[in-house]
Every structure is written in C-alpha cells, then in structure tokens.
Protein chains: 2
Amino acid sequence: MKSGMAFLVAARQCEIHELQQLMRTSALVRPAGECVHELQRERGLSNLWLGGGNDFGRGLELQVERTRRSESALRAALEELDTSAGRIGNGARLYSRIAYALQGLDALPALRADVAARRVAADFSTRAFMQLIAALLAVVFEAADSATDPGISRCLVAMFHFLQGKELAGQERATVAAAFTCGRLDAATLQHWLHLVDSQDRCFAVFVEFATDAVNAMAQWRTLESSTRTGALPRMRALALAAAADSQLPSARSRDWFEACTQRIDGMHEVERALAAELLTLCRTRIAEAEADLAARQALLDDVAGVPAGTFFDAEPAPRTDTAALVTVPIGPQLERSVLGMVQEQSHRLQAMGDELEAVRATLSERKVVERAKGLLMAHRRLSEAEAHRMLRETAMNQNRRLVDVAESVLAMSDLLAPVPPAPMR
Amino acid sequence: MKSGMAFLVAARQCEIHELQQLMRTSALVRPAGECVHELQRERGLSNLWLGGGNDFGRGLELQVERTRRSESALRAALEELDTSAGRIGNGARLYSRIAYALQGLDALPALRADVAARRVAADFSTRAFMQLIAALLAVVFEAADSATDPGISRCLVAMFHFLQGKELAGQERATVAAAFTCGRLDAATLQHWLHLVDSQDRCFAVFVEFATDAVNAMAQWRTLESSTRTGALPRMRALALAAAADSQLPSARSRDWFEACTQRIDGMHEVERALAAELLTLCRTRIAEAEADLAARQALLDDVAGVPAGTFFDAEPAPRTDTAALVTVPIGPQLERSVLGMVQEQSHRLQAMGDELEAVRATLSERKVVERAKGLLMAHRRLSEAEAHRMLRETAMNQNRRLVDVAESVLAMSDLLAPVPPAPMR
C-alpha cells in the first residue's frame, strides 16, 4: 500500500519532470532569438534596398545567407525536439505557436523574391518581417507563460521582455532609416518613433527587474547602456529629432543611422546570448537541487520506520471555518524530522512557489488583456486583428490612456458590445 | 524536417494527453467523496456517543466499519494510480495533498480508540474529523484547480463546491446535534449555525451555476431541494431557532435532528454520485472528440501536398504595435481549408479555452486569497494556522465584511505587517 511518504516522493519526481520539460522549452529560446536577430537585420537592409539604396544590394544578399543559416539552426532545434505528448509542459499552446511561426518561415522565400525584384513597397516588407518576428516571439512568450518554477519564470519573463525591447529597437532602426532615406520625417512617424523609444524603455525596465539572477547578462547590459549614452546613437537621435521641426532629414545619413542602431542592437544580442546561457544554467541547477533532495527523501523512504509519523490532529482549538481550509501549519526544524513535518514543509513550499509564480506571471498579463480585448472586438464587431488593434490604439491616444487600460475597459463593457447578427444566408 | 502541420498534430496530441491526465485525476474524486461521506457520518455518531448517548454505541461501531470500507476503496484507487512523472497534471501539488490526507487516515485508528474510550471531548473529535475531511477535500480542490479543459473544469468546480456545501451541512448536523444533546444553544453557537446555513447556500449556488452540463445531478438536486422544503429538516430548524430565545433545546430531539439532517445529506450523496459519473462521462466524451479530430488531421498530414498553405503575410496594413502582438486573425470556413487556416483556428480555439478556463478558475481564487492571507499572518505574526484564521474571521465579523475582503486587505497591507524579529538566541 502506498504511504504518504511514497506520494511525497512522487510529488518531488513530478517537480523534477516539470523542470526537465521547462529546460527543453528553454533550449528553444536561444535559436529563436538568433533567428529573430538575423530577421531584424534583413528587415533593415531590405528597407534600405527598397528605399532605393542600390549600394545595399550586396549587403542584403549576404544577410539573407546569414538569416538562412539561423533559420536552419532553429529548424534543427525543432527537429530534435521530442514532441511526443508529456515531454513539454503546455505543449498544446507552444506547438501551435511553433506551427504558426513555421508557416511564416515557409512564406519567407516568396517575400525575399518580391523584395529583390522590388515588387513590394518598403512598408509592406517591414510589416511582413514584423509579423514573422512577432510569431517567433510568441513562442518565447508561451515558454515564459508555462514555467512552473518561479526562478526560471523570472528569467524567461526577463528574456521575453528583452527580446521585445530589442525588437522595438529594430523597429526604430527600420522606421527611422526609411524616413532618412526618403529625406522626410512627418508628424505621424515622429510620434510613432517617440512611442517606440518609450516602449523600449518600459521593456528594458522589466528586464532589469526580473533578470537579477542573470549576473552576466545584467553586467553586459549595464556596460552597453553606459557606452550607448556616449556613442553615436544619441547624437543621431538628437540630429533627427532636431530636423523634425522642418520635417527634413539628410538622406545621406541613412547609412550612419543604420550603423549606429545596429551597433547597439548587436550589443543587445550579446546580452541576449548571456541571458540564454544563464537560463539553461539555472534550469540545470534547479534540476540538480531537486534530484539531491529527492535522493535524500528516497533514503528516508527506505528507512521509513525510523521516521516518526508526527501528530496529525491538532491539539489546539481549531477555528470554525466557513470553508474547510487547506490546513497549513507553521514549519519549524523540529517538525521536519517527522513524516508529517516533511509533508507540511512540501505543501508550504509549493504554496509559496505558486504565489511567487502568480506574481511573476502577472507581468505577462497586460499582453493577455490586450489580446483578449482584440479578440472581443474581432468577434463582436467583425474586425480584422489589425483593425481591432488600431481601434484600441487610437482610443488610447485620443483619451490619453494606456493601451492596457483601454483594453480593460473594453473587456468590462463586453456585454454592451452586442455581436453583429450574422448576415442572412442569401 | 517537421512541418507546421506536424506541430499542429503534436499540439492536438498534447491536448489529448492532458485530457487523459485529467480523467485519471477525476477518477479519484468519487472514492474521495465516498470516504468524506462516511467520515461525516462517523463524526456525527461520535459526537452523539461522546455527548453521553450510550444507545449510539452500536451505530457508531457499524459506521466505523463502513468508513473503513470506504477508506480501503480510496486507498485502492490511490494504489492503482500510476504515479510515475507526467501521468497526472499538476502532480506535485496533487500528490502533496494526497500525502497529507494519508497521514490523516493513518492517524484515524488512534482517534477512534480515544473516542470509544471517551478519552476526548466531542469538541476535539469534531475538529479532528473536520481536519481530515478538509484534507480530503483539498485533493478535490487541487484536481479542480489543475483542469486544462473549461468544460471539465466547470464540472470539477461544481463538484468541489457541492462537496464543500455538503461538508458544511455535515458541520451543521454535528454542531446542532451537540447543542441538542446538552440541551443548550448559546449565542455563539446560534451565530455559527446561521453562518453555516448561509455558507451552504453560497456553495450550492456555485454548484448550480457550474453544473449546467451535469443534467442528472442537477435534476436530482432540484428534486432534493423541493422535498427538503416540505420535509422534517425545516421544521427541526424552526423548532431549534425558536428555542434559541430561551437558549433551551429539547435534548430528547437530538436523534430526530440527526436523522432529519442525515436524510438530506444522504440525498446530497446521491447527487454527488451522479455528478461524479457525469464528470467521467464528460472526460471520455472530450477525449473521443479530440481523438477524432486528431485522426482527421493526421489524414491531412499524409496528404499535405493537397492542402494549400494559405497566405501568411497579411496584405492589409498592419497597425504599429507597442508590443509585438500575438497575431490572431479572424477565422472563417474558407481559411480553415488551408494549413495556415488550421493553425489559426487551433490558436484561436486555445486562446478562447484559456480565457474561459481563467474565468472558471477565478471561482477558486477566493479560497486562495484567504489561504495566502493566513500564510502571511502565520509568517509575520508567528501565528498558528488556527489563530490566523480566527484573526481573519473575527476582523470580518467586527467590520461586517466578507472573509475574502479582509484577506485582500491583509495582502494589500503586507508591507506594513513587519515580520516579528527572531527571538534572541538566549
């Protein structure tokens, strides 16, 4: 007959299993990030090429080769993934995201042919790369959202926000490079640019908050931050923002802008690599700790007669409860020496982990609220995803509120957003 | 090389795996509920016996045998459980709860010996049974909290609240039986009684809200409700509440009270059995549906050349996003015919399921908030679990607020609840 101790050991084995699942997911973050990085460069160079910069053609060709190599590495990592059920936590959502991203990668050669032949505008190409990069970042988001260990979850949340911030820096590079190339900075582009700078700062603030355990990545980030402050980028930003007054930009500086941004983004890429390495180290450490603890418990299980059971029924007057509360008891070293003490210690630890995890994941909830509000608008107003997002964003700008606050309001008003009745059959 | 379609199939396989995990967990709910039912009866009879009712001795002996049989059935179900990692979702938490409940069952024979020899007071015995029943209900709670399918989650939430309401009915039976036996109903007991009736009503309201798919259980519950209204219980309640004015109860009616309550609780037990059966049917149906869908997808995978890929890059102008939003696109029948359409449909469905699941689980969050507030008080004020709960409950009564609202305030004030510094070493 299985004893309480046997279930305690089984609980710990499940924790180790979850950590191993998490490590397999985390191993995808690095190649996904590498592929995003190369796509970002390709987007920028495609933009310069489509903007008429014929001298960018050779650079773009070389970059396409680099992107292809990173894509192959990502596909190889996906190929190695054991996709049989139960090998990855939250597999249903993660694999759906991967399936979507793969569709995007499959569509890339056709896009490249259109870019090379200048059959599409810079605007279309930029959006297409953004869509593909967003699909890859959604894979990282799903990994962060499924983490069952607070420490690893913090690291994944830091990683997702860092990649997101870096993508916004890439969008800044592309948007402003396009403006330089055509020699004009209109009011809408200026506003969007300022918005991109602001959103980047917010993402990196979340990274700094959550990456406290990733000391190497953090040190590299601090170095990058201080060198950026004295580097070419702030001068270029200042130059362009000053030029905004008369809406003219020196188009000859297009390449300088691109290079200054690229230097910073390449620095971010190094931070990202350090973070990815520290993420995997953290997974390995947590698994080793849990295995050591399990071994100690199994040794106890073999000698369970030597461990006192502990006193289950509480001598102290219990309160009358309106819900039969989960019984948790304060833990002290003397308690842990009994089987009951170990059970209570485990229960207490899982509770604390669950609470911490919930707090970390709340960081991801803004994105979910916006997604849900968009879904609601799409269903009830028959809008496309792009239209729904635009409606939210414009409402936020008009009302001078944050996007997430507008999304919250939309969800709160969902009953009022009566669905459009289906069109008659004929 | 794995295609997007292969990951789509893998995602569906993961969903089936999760449903199978959920079915294994759900199969524990029935024997846990049976054991709780017998423990409730044994608690009531122990109370009558400890209150001096010598003629209850034989009935108690017979009941102990019944409880032992239900305990054996529960242990057998646990024995059958494949506890190897990955076989059960949320295994770490569930097994910890099971380990704790087993410790309680192990401690039961010693409690029974004390009851038989009248070495403990009715008060102590009642609390001990409550503690054990709470430990078993915590197993059901964990099952409900880990469900990954909205329909099954609704059914498990209904089941947990039904069992909780039934336990409160059992506490009412025990509390008032003790008052009848000693012939007195003091003001505190009266208040507690009214509170138990009120809490029961809230639990059954949640059950009615969430058990909409369990038509048999719901029909039985409606029948029970109408028969209770005309049965002996309301008369007994009225009699006792009228007697409250002069705080005297006719002690000879003790057995009548017990019988009237028992009749209602036994009726609830039938509802519970119907609900448990419908829960398993629901699990089986969902698995069959998912398997049929998977087979259809696999057939497509074998003939993937025949399925158009779909157009990944959106021709419509995409909005500028401040977060690279998860790309979701409106779903129509024409889209689903392409691989991309199927990917998007799957992604959309998982998103909708996730949203619905979150809404259902929010029902469980009150309990979690109270648990967290208790944990905080225990850690910061060095209180026992019982003291922490009493502090919350008394604050709620004094301030005329709900327990969960007080708990929320405690969590919001957590920074102010400075931890008590550790006592000096000597």
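Fair warning: this is a prediction, and the values are worked out from it, not measured in the lab. (Residues numbered from 1 in each chain as written. Chains lettered and ligands numbered in written order. Predicted model: local features only at pLDDT ≥ 70, side-chain atom pairs only at ≥ 80, totals over all residues.)

Caption draft 1: Inspection of the overall build of chain A at higher detail. Helix and strand content of chain A: 15 helices and zero strands. Going through the 426 residues of chain A one by one, you find that 45% of them count as buried. For chain A, contacts bridging at least 24 residues in sequence account for 81% of all contacts bridging at least 6. (Helix = DSSP H or I, 4+ residues; strand = E, 2+ residues; numbered from the N terminus. Buried ≥ 20, exposed ≤ 12 C-beta atoms within 10 Å, placed from the backbone. Contact = placed C-beta atoms within 7 Å.)

Caption draft 2: A look at the domain arrangement of chain A. Split into domains, chain A comes out as domain 1 (4-287) and domain 2 (365-412). Spacing between the C-alpha centres of domain 1 of chain A and domain 2 of chain A amounts to 24 Å. (Domains from an automatic or database assignment.)

Caption draft 3: The nonpolar core, seen in detail. Counting residues in each nonpolar core, the largest one holds 103 residues, and the members touching the most others are Leu136(A), Val139(A), Val140(A), Leu156(A), Ala158(A), Met159(A) and Leu275(A). If you tally residues by element for this core, the top one is helix α6 (residues 150-182) of chain A, at 17 residues. (Core = buried A, V, L, I, M, F, W, Y, C linked by C-beta atoms within 7 Å.)

Caption draft 4: Structural view of the confidence of the model for chain A. All names here are of chain A. Of the residues in chain A, 88% reach a pLDDT of 70 or more, and the chain-wide mean stands at 82. In this model, residues 315-335 is a region of pLDDT below 50 whose contacts with residues beyond four sequence positions or in other chains number 50 contacts. Segment residues 420-426 is flagged for pLDDT under 50; beyond a separation of four residues in sequence, or across chains, it makes three contacts in the model. Across the interfaces of the predicted complex, the ipTM metric reaches 0.79, alongside a pTM of 0.82. (pLDDT = per-residue confidence, 0-100.)

Caption draft 5: Up close: the packing of helix α1 (residues 4-50) of chain A against helix α2 (residues 57-80) of chain A. Residue and element names in this part refer to chain A. Running from N to C, α1 and α2 cross one another at 160°; their axes reach a closest spacing of 9 Å. Put simply, α1 runs roughly antiparallel to α2. Here the hand of the crossing between α1 and α2 comes out left-handed. Here the residues of the contact of α1 with α2 sort into 13 nonpolar, six polar and six charged. (Axes fitted to C-alpha atoms, helices over the stretch in contact; angles between N-to-C directions. Parallel < 35°, antiparallel > 145°, perpendicular 65-115°, else oblique. Left-handed = near helix turned anticlockwise from the far one by under 90°. Nonpolar A, V, L, I, M, F, W, Y, C, P; charged D, E, K, R; others polar.)

Caption draft 6: Spotlight on the packing of helix α6 (residues 150-182) of chain B against helix α7 (residues 187-210) of chain B. Residues and elements named next belong to chain B. The contact between α6 and α7 brings their axes to 8 Å, and the two run at 160°. Comparing the axis directions of α6 and α7 gives the class roughly antiparallel. Along this stretch, α6 crosses α7, giving a crossing that reads as left-handed. Of the residues assigned to the contact of α6 with α7, the class counts are 15 nonpolar, nine polar and two charged.

Caption draft 7: Focus on the environment of Val140(B). Residues and elements named next belong to chain B. Looking at where Val140 falls in the secondary structure, it is placed in helix α5 (residues 122-146). Judged by local crowding, Val140 falls into the buried class, with 24 C-beta atoms found within 10 Å. The spacing of Val140 and Gln103 is 37 residues in sequence and 17 Å in space, taken between C-alpha atoms.

Caption draft 8: Examining unusual backbone geometry more closely. Residues and elements named next belong to chain A. Despite not being glycine, Arg118 shows a phi value in the positive range, around 50°. Tracing the backbone shows Arg118 in the loop between α4 (108-116) and α5 (122-146). Residue classification places Arg118 among the exposed positions, given that 12 C-beta atoms sit within 10 Å.

Caption draft 9: Fine view of helix α3 (residues 91-106) of chain A. For α3(A), with 16 residues, the first-to-last C-alpha span of 22 Å sits near the 22 Å given by 1.5 Å per residue. Among the 16 residues in α3(A), 14 count as buried, and that is most of the element. (Expected span 1.5 Å × (residues − 1).)

Caption draft 10: Quick look at the environment of Ser338(A). Tracing the sequence through the fold places Ser338(A) in the loop between α11 (333-336) and α12 (339-362). Look at Ser338(A) and you get partly exposed, because 17 C-beta atoms sit within 10 Å.

Caption draft 11: Seen up close, helix α15 (residues 403-412) of chain A. Where α15(A) is concerned, the buried positions are Leu403(A), Val406(A), Ala407(A) and Val410(A). Buried residues in α15(A), looked at end-on, bunch into an arc of 100°, giving them a common side. (Arc of directions from axis to C-beta.)

Caption draft 12: The arrangement of the environment of Ala292(B) in detail. Among the structural elements, Ala292(B) can be located in helix α10 (residues 254-302). Once the C-alpha coordinates of Ala292(B) and Glu18(B) are considered, the two residues, 274 residues apart in sequence, prove to be 16 Å apart.

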